[in-house]
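These are the residues of each chain, in order.
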Amino acid sequence: MPVQPAGQLVDGFGRVHTSLRISVTDRCNIRCFYCMPAEDVQFLPRAELLTFEEIVRTVRVGTGLGIRKLRLTGGEPLVRRDLPELVRQLAEIPGVEDIGLTTNGILLAEQAAALRAAGLKRLNISLDALDPDVFRQVTRREGYERVLEGIQAARQAGFSPIKINAVAIRGLTEDQLVPFGQLARETDTEVRFIEYMPLDADNAWERDRVLTAAEILQRLSTEFGGLRPVEDPAVNGCATAAAESDSTVVQLPQLPQSAAARAPATEYQFADGRGRIGIIASVTQPFCHSCNRFRLTADGKLRNCLFSLEETDIRDLLRSSPQDAPIAAAMQRCIAAKQAGHRIDSADFQQPDRPMYSIGG
Ligand code: SAM
Ligand code: SF4
């Protein structure tokens, strides 16, 4: 196992880890088919969840090792009671520069203002369809109107731009691409399309159902007269090739090799300058080479990759060790063991036992 520089989270490929995604619960109020089973989900007993105190302690240890950026997720993070209080405590930790949240938006109308006041800086709202019927097919629940109310409340609370995450699925959401493009062009909304990944509880993922980044760009480009990668190195690193405005053949830029790139989304601007979209091409253009993130599950396991088959328990240490050093050492061990990439496309790819809702997306 590679020896790490003291005080940093560096893996064997030189990737420095500064970003931690924290799952605060595995519970959820909807049942997206690419994430959860439809019925009979076994949720963690409450005693197995990390307390706010344990999460805060983990982050304190992590900031000592260079963590600067946090994102709260789940399950659905807004079903965890008093979430704004956790945000407030995390925002006070020296070294924490940025706190984001990914939510399905169902409970956002009630909580957006409190989250903002507590120090939440960024918000991603997951919404795969602007058509309520398609929403119901994806989520297997009602709630479309509530998500729209949540988006509205987020705007009023001062979150800007509003980022929408939309998983793109062949045979289901192709017709949503253009309406989302229109939304991005007409409002202060950035839509980030995510390629469908093999992390569903039902093990029903098929490669053919991945609506790819190339296809998404092609469709939007044809409809709106072209897209070009945002030429901001802070956003897209060294992306250079542009999708020509008058062409229906879209040339995909290589994903940035720069460690400074803000992976994983590659951002594009419509050729006429009106609006932006992002694409997270985890399947067809993995961004593993510039990955700087790792994860803490709701039950206190560190995971160095979404697709990792191994995890490092820190809950026992949090509950048994008054010293922080063993927790820091466990974090460093977890990062040191990180593989080069997830290898979804290789023949021996093995889907992790934990589906997305129990990892924390
Ligand atoms: N419940 C919150 C939500 O849906 O925003 C946070 C957790 S959810 C697991 C985080 C993100 O992962 C969501 O944007 C969701 O669409 C995405 N996601 C879940 N399963 C996925 C899959 N199999 N492939 C791609 N994205 C997925
Ligand atoms: Fe719940 Fe998010 Fe999974 Fe959908 S993607 S089932 S909202 S945790």
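Please read all numbers here as calculations on a predicted model, not as lab measurements.

## Quick word on the sheet that holds strand S8 (residues 266-270)
The strands that make up a sheet are held in pairs by hydrogen bonds between backbone atoms, and each pair lies either parallel or antiparallel.
Part 1: The mixed open sheet is built from 12 strands, whose spatial order is S7-S8-S9-S6-S5-S4-S3-S2-S1-S10-S11-S12. If you trace the sheet from one side to the other, it starts and ends with strand S7 (227-229) and strand S12 (312-313), each paired once.
Part 2: Strand contacts of helix H7 (residues 213-224): strand S5 (162-168), strand S6 (189-195), S7, S8 and strand S9 (276-280), with the helix running at about 165° to S9, the strand carrying the most contacts.

## Concerning the nonpolar core
Part 1: By size, the foremost hydrophobic cluster in this structure holds 104 residues, and its most contacted members are Leu 90 and Ile 277.
Part 2: Residue contacts for Leu 90: discarding those within four places in its chain leaves Ile 55, Val 56, Val 59, Leu 70, Leu 72, Val 96 and Ile 99.

## Structural notes on unusual backbone geometry
Part 1: That bond from Ser 160 to Pro 161 is cis: its omega, -5°, falls within 30 degrees of zero.
Part 2: Mapped onto the elements, Pro 161 comes out in the loop between helix H5 (144-157) and S5.
Part 3: Even without glycine at this site, Asp 82 takes up a positive phi of about 60°.
Part 4: Mapped onto the fold, Asp 82 is located in the loop between strand S2 (69-73) and helix H2 (83-91).
Part 5: In this structure Asp 82 comes out as partly exposed when scored by relative accessible area, which is 49%.
Part 6: Even without being a glycine, Asn 203 presents a positive backbone phi close to 55°.
Part 7: For Asn 203, the position within the fold is in the loop between S6 and H7.

## Concerning the site of ligand 1
Part 1: Inspection of the region around ligand 1 gives 18 residues, with Tyr 34, Gly 75, Glu 76, Ser 126 and Met 197 positioned closest.
Part 2: Here a nitrogen atom of ligand 1 sits 3.1 Å away from a polar atom, N or O, in the side chain of Glu 76.
Part 3: Contact distances for ligand 1 include 2.9 Å between a nitrogen atom and a backbone N or O atom of Met 197.
Part 4: About the coverage of ligand 1: the protein hides 95% of its 540 Å² of free accessible area.
Part 5: Secondary-structure elements contributing two or more residues to the shell around ligand 1 are strand S3 (98-103), S5 and S6.
Part 6: Within the shell around ligand 1, the residues separate by chemical class into seven nonpolar, nine polar and two charged.

Calculation notes
Residues numbered from 1 in each chain as written. Chains lettered and ligands numbered in written order. Predicted model: local features only at pLDDT ≥ 70, side-chain atom pairs only at ≥ 80, totals over all residues. Heavy atoms only, no water. Pairing = 2+ DSSP bridges. Helix = DSSP H or I, 4+ residues; strand = E, 2+ residues; numbered from the N terminus. Contact = heavy atoms within 4.5 Å. Axes fitted to C-alpha atoms, helices over the stretch in contact; angles between N-to-C directions. Core = buried A, V, L, I, M, F, W, Y, C linked by side-chain atoms within 4.5 Å. Buried < 20%, exposed > 50% of the residue type's maximum accessible area, 1.4 Å probe, protein only. Near = heavy atom within 4 Å. Polar contact = N/O pair within 3.5 Å; in protein donor to acceptor, adjacent residues only side chain to side chain. Areas by Shrake-Rupley, 256 points an atom, 1.4 Å probe, with all protein chains shown as cover. Nonpolar A, V, L, I, M, F, W, Y, C, P; charged D, E, K, R; others polar.

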